[in-house]
Structure formats: structure tokens, C-alpha cells
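Topology and contacts: notes
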Amino acid sequence: MTIQTAPQREEHPRGAVAVEVTGATRVFQGSAGTVTALDGVDLTVGAGEFVSLIGPSGCGKSTLLRLIADLDRPTAGTIEVFGRTAEQARLAHDYGIAFQQAGLLPWRTVRANIELPLAMHGTGRAARRERADHLIELVGLTEFADHYPDQLSGGMQQRVAIARAVAEEPSLLLMDEPFGALDEMTRERLQGELVRICAETRAAVVFVTHSIPEAVFLSDRVVVMSARPGQIREVVDIDLTRAARSDEGLREDAAYFAAVTRVREALHHGSPTPAQGVELR
Amino acid sequence: MTAARTATARALPPVLLLVVLLATWQTVVVVGQIPAFLLPSPSAIGSELVALWPTISSAILVTGGNSLLGLLLGALIGVVVAVVAGLLPSADRMLQPFVAGLAVVPIVALAPVLYTMYGAASEVARVIVAAIAAFVPVFVTTTRGLRQVRPVHRDLMRAYGATPRQATVTVTVPTALPFVFTGLRLASSLAVISAIVAEYFGGPRTGIGSFITTAAAGSNYARAWAFVVGGILVGLAFYGVTLAAEHLVRRRSGPRAG
Ligand SMILES: Nc1ncnc2c1ncn2[C@@H]1O[C@H](COP(=O)(O)OP(=O)(O)OP(=O)(O)O)[C@@H](O)[C@H]1O
Ligand SMILES: [Mg+2]
């Protein structure tokens, strides 16, 4: 298998780099002592690039995502999003976010939930409604637009959360195991939908997952992390084109299986002390 | 079965029970020749109720008015103080023991003091007693409600760069609202009871409580009971309205609000 350099992309309107994490360290001070959730993590995500974070539980995937989203601050190191600080990017609504829990507002309908970020950021009523209708159709919930979250299944709620995350067509999508709680069939269908949405909006994505096939299917690069302290062990380039990805046949493709094997090896048989400072891209 | 018929079917057993109880009561009083100061018969109470309805209904309005004013005042202060306590942890630490103390003080015991402060001809003392009684449960439930905002919703608001005001309107208030209404339901009964009992300690002879004491002192036992029925009507009305409001609010806020 050929080792590819960064996948070829056309010029992106937001510049070349979506996320630039440099030496990010996060130490939690607890009553039971200190936990080094992240230790000197460097990561660059290109504009329009799909990057998955994978690794054992507690290796700091969510922590890294929360730092990028400026929901938490690093103990050391810097985080830049589209060339500004994470806080500036958050306040400029640069990213859309989906959590492991759908996190819908139970007193709002599906449509009102999807409209929420638009409403909070001053989009007009008519434009809001048009955008929400489009997204509801995209995630296949047209008949449920006026339902409340507690009338939907978990998978349907998660689809609403994804529609909400992409409502403002963000240039960056942050997703923390958005499909974690779903059955395999729903999961594969939503993966397909996500690929389609990303192709449509050309967003960069940082995607946390526990599933190797999911990471390979979706990503341009898979970042394999190790725990205690949370570090990047290896970055695996996945040389599958997006066009191939929108084709369901990909899942049976030989290149796909080869990539799955490479990620699995990085995850399970990675050398205990990987060479520090390797060029990750 | 239609909804109306279901409701009738559900209301029937308690109504039947009430009828049976009243009939038994009437029979016991008549057959046992129980003196009126021990227990007047339901029919005697009923005829007093009819004969004195103009007085009773105006007393209901006075006591109901005091209770309503006290309830609204106490609830308003309860919500405002809970919101302030939610915003300022130091205020919260100061308030919690104070409110715990207030909850065990028999508030109507304040009534005689308040009558001398505000004059025996004024209803103010009764409103204040009802307000203090209503304040406690509303403050307690609102404080709890404000703490129920889920971390994922807090993260969401931060991710959207929401102003404190936006976050309050979008997430905090809808989360806390069912709790506020539960407090309101609990407070409504307390406000009515406190307003009635406050009348036992003096003040103008206008409300249900005043008439109960006067009738009892004059050995008009059936009449005293007729006013008690008036008091029950006030209590039921307050409870019914606040219960309905709570149901309306809770229906869309989901089962989380337990
Ligand atoms: N708020 C916090 N306070 C204290 N420790 C924390 C906090 N958040 C995370 N940690 C610790 O940091 C480490 C990394 O947590 P994190 O949630 O990032 O892991 P993760 O890779 O997302 O795990 P999972 O796959 O189980 O979601 C864990 O050891 C966790 O206990
Ligand atoms: Mg996590």
C-alpha cells in the first residue's frame, strides 16, 4: 500500500488549516490526585479534512475535543482554529458540535431544536425555517418535524443532533461519539449521511469514535491515541477518496480492509514507547 | 371509552364514598342523638350553608383574596431570591440555613405581632403570613430546579457563545419551570391554611377564619362548620388551579422533572 501525503484538496475558502493543536497538555486536579488527560499533543487538521480520534477509554479523546471547542482550557500548549484562538473561534460560531448524548432540548420540537443555533445567532424566521426543513429532509425526519424529542427513538434523536450541528454550515464539525449508542444498521446509514453532509458543506471534521471500521470509513486520517498519559501514538493516512466513500461497496473493498488492519495494528500492537516527535503528516 | 366517560368513571368512586360517609354521619347523629356541640349533622350544616351563603361567599372572597395576594407575593420573592442564590454561591450559603429555619417556624405565630404592627383593621398581616408560608416551598423547589440544567445543555450554550441572558431564557428557565410550579402547588395550600389560621388571632371580622371563631364562641356549631366548608372550598380551588397549571407546564418538559 502506498503511503500518501496529505490528500489532495482544492483551495478552501477558510485557508488551509482548520485546527492547529500545539503541545496541548491538560492536567486535572482531583481530590484523588492529578490526572494527566493529555500530554503534549500536536495535531493539525486541514480545512475540509476528516480526522478521527480513536483510542482506549480514558485516553483523552473527549478532553482534546473539548479543548478545540473551548469548552475547557489547556494546562499548557495552544489551540488555534482557523488561525485564531479557540475562544475567538467559539465566539465567532466557527464550529458545530455534537455530543455523545443527543442533548436536545425536550421542550422544543425537532424543528425548533434544529433551528436553535440559527435563532440564537440572529438568523431570520423565514431563513431559519427553510434551512431547518432542508436539514430535516436530509436526515430523513420529515414526518417528525413537529414531534418532541421524547417521541423519537435514540437514533432519531441523534440524527436531530447532527442536523443541529451542521445547521449553520460550519467550516468545522466536532463530534464526540455521535453514533456511540446506536445499533449497527442505523449507524451505517448515519455514517453515509454524514459523508454526504460533509461533501455538501466541505466542513473539516474532528470525530471521536471507538469503532475502527467507522473511523476508516469516514476519515482522511485516523489519529490513534494511547492512555496514561493521553498521547498520540500514531496517525494513519486512509487513502480512500471521498467519492469512493459515498459508495456503499467501499465497505467490502480490499483497500478499506487494509486500512482497517493498519489502524487495528496501531491500536493493539503499537510499540509501547513510540518515537517522540515523529512527523505526523 | 371516551375521555369524558373515563373521567366520570374515575370520579364516581370517591363521590360515592363521600355520599356514603355523609349518610352514615347523618344517621349516627340522628339515631345517636349526638348533641350539636359534639358533632352537628350534615343536614344542619347544609341548611346553615344555604342560609348564610351571602356572608360565607363574601368571607370566601376576602380569605381567598388574602391567600392569592400572599401566594403571588411569596412565590415572586421565592423565585427572585432563588435566582439570586443560584447566581451568587455566597448568597446561597447565607440563605439555606435561614430558609431551613423559616420552614420549621410556625409562621401563623407571627400573626398577633403583625396585627399590632399594621393595625387590627387591616388585612396586611394576613397577607404577610400567607406570603411567608408560600415563600418557603417556592424558594426550595426553584433552587432545586435551577440546579437541574444538564451539563450537555450547559456545554451547548457555551459552544453557541450564548450570553448569560440567552442561556437563562433558552435552557435554565425551561428546565426550572416545572419545579417552580410544583412549589406553587405546595405553596397554594399553605397560603390558604395560613391566611385562615391568621384570622383566628384577631384582625378585622371579614374572612372565613374570623367567622369560624365567632360562630364557635357563640356555640353556633353548625354555623362554624358551614364556614369550615367555605374554607375547604377556597383550599380546593387553589389546589385545583395550581395542579392544572403544573400539569400543563410539566407535560412538555419531560419526565426528568421528578
Ligand atoms: N472534568 C474532569 N475532572 C477530572 N478528571 C477528568 C475530567 N474530565 C476527564 N478527566 C480524566 O481525564 C482522562 C481522559 O478523559 P476523557 O473523557 O478525555 O477520555 P476519553 O478518551 O474521551 O474516554 P472515553 O472513550 O471513555 O470517552 C480520564 O482519565 C478522566 O478521568
Ligand atoms: Mg469521551
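Overview of the structure. (Residues numbered from 1 in each chain as written. Chains lettered and ligands numbered in written order. Predicted model: local features only at pLDDT ≥ 70, side-chain atom pairs only at ≥ 80, totals over all residues. Heavy atoms only, no water.)

Things to note about the overall build of chain B
A tally of regular secondary structure across chain B gives ten helices and zero strands. Counted from the first residue to the last, chain B has its helices and strands arranged as α-α-α-α-α-α-α-α-α-α. Overall size of chain B, expressed as C-alpha extent along the three principal axes, is 75 × 60 × 30 Å. Relative to its 258 residues, chain B shows a buried fraction of 40%. Expressed as a percentage of contacts within chain B between residues at least 6 apart in sequence, the contacts between residues at least 24 apart total 75%. Of the side-chain charges in chain B, 17 are positive and 6 negative, and the distance between the mean point of each set is 11 Å. (Helix = DSSP H or I, 4+ residues; strand = E, 2+ residues; numbered from the N terminus. Buried < 20%, exposed > 50% of the residue type's maximum accessible area, 1.4 Å probe, protein only. Contact = heavy atoms within 4.5 Å. Lys, Arg positive; Asp, Glu negative; His and termini not counted. Charge placed at Lys NZ, Arg CZ, Asp CG, Glu CD.)

Quick word on the site of ligand 1
Residues and elements named next belong to chain A. Inspection of the region around ligand 1 gives F28, V35, A37, S57, G58, C59, G60, K61, S62, T63, E177 and H210 as its neighbouring residues. Taking T63, its side chain carries an N or O atom lying 2.5 Å from an oxygen atom of ligand 1. Alone, ligand 1 offers 630 Å² of accessible surface; in the complex the protein occludes 62% of this. Those elements giving two or more residues to the shell around ligand 1 turn out to be strand 2 (33-46) and helix 1 (61-68). Across the shell around ligand 1, the residue classes tally to four nonpolar, six polar and two charged. (Near = heavy atom within 4 Å. Polar contact = N/O pair within 3.5 Å; in protein donor to acceptor, adjacent residues only side chain to side chain. Areas by Shrake-Rupley, 256 points an atom, 1.4 Å probe, with all protein chains shown as cover. Nonpolar A, V, L, I, M, F, W, Y, C, P; charged D, E, K, R; others polar.)

Quick look at the nonpolar core
Side chains of a nonpolar character, in soluble globular proteins, are inclined to be buried together. Core analysis: the biggest nonpolar cluster contains 51 residues, and L194, V216 and V263 of chain A have the highest contact counts within it. A domain-level breakdown of this core finds at least three residues from each of domain 1 (17-94 + 171-268) and domain 2 (106-169) of chain A. Ranked by size, the runner-up nonpolar core spans 46 residues in total, among them L64, I68 and A204 of chain A together with M157 of chain B. (Core = buried A, V, L, I, M, F, W, Y, C linked by side-chain atoms within 4.5 Å. Domains from an automatic or database assignment.)

Here we look at the interface of chain A and chain B
Every contact between the two is made by 24 residues of chain A and, on the other side, 20 residues of chain B. Roughly 2000 Å² of surface becomes buried between chain A and chain B when both sides are summed, with 59% attributable to carbon and sulfur atoms. When the buried surface of chain A facing chain B is broken down by residue, R90, W107 and M120 of chain A rank first, second and third, together holding 32% of it. Summed over the shared surface of chain A and chain B, the result is two salt bridges. Here D70 of chain A makes a salt bridge to R158 of chain B, at a shortest N to O gap of 3.6 Å. Applying the counting rule to chain A against chain B returns eight residue pairs in polar contact (both at pLDDT 80 or more). Of all elements in the fold, only helix 2 (86-91), strand 6 (95-98) and helix 3 (110-120) of chain A reach the threshold of two or more residues within the side of chain A that touches chain B. (Buried area = accessible area lost by both parts, 1.4 Å probe. Salt bridge = Lys/Arg side-chain N within 4 Å of Asp/Glu carboxyl O.)

Thoughts on the pattern of salt bridges
Residue and element names in this part refer to chain A. All told, the structure shown has 18 salt bridges over all chains when counted by the stated rule. A salt bridge links D70 to R90, with the nearest nitrogen and oxygen atoms 2.8 Å apart. Here D70 is found in the loop between helix 1 and strand 4 (76-81), whereas its partner R90 is found in helix 2, with 20 residues between them in sequence. A salt bridge links D146 to R111, with the shortest nitrogen-to-oxygen separation between them at 3.6 Å. Here R111 lies in helix 3 and D146 lies in the loop between helix 4 (125-138) and helix 5 (154-165), a separation of 35 residues in the sequence. Given a relative accessible area of 53%, D146 falls into the exposed group.

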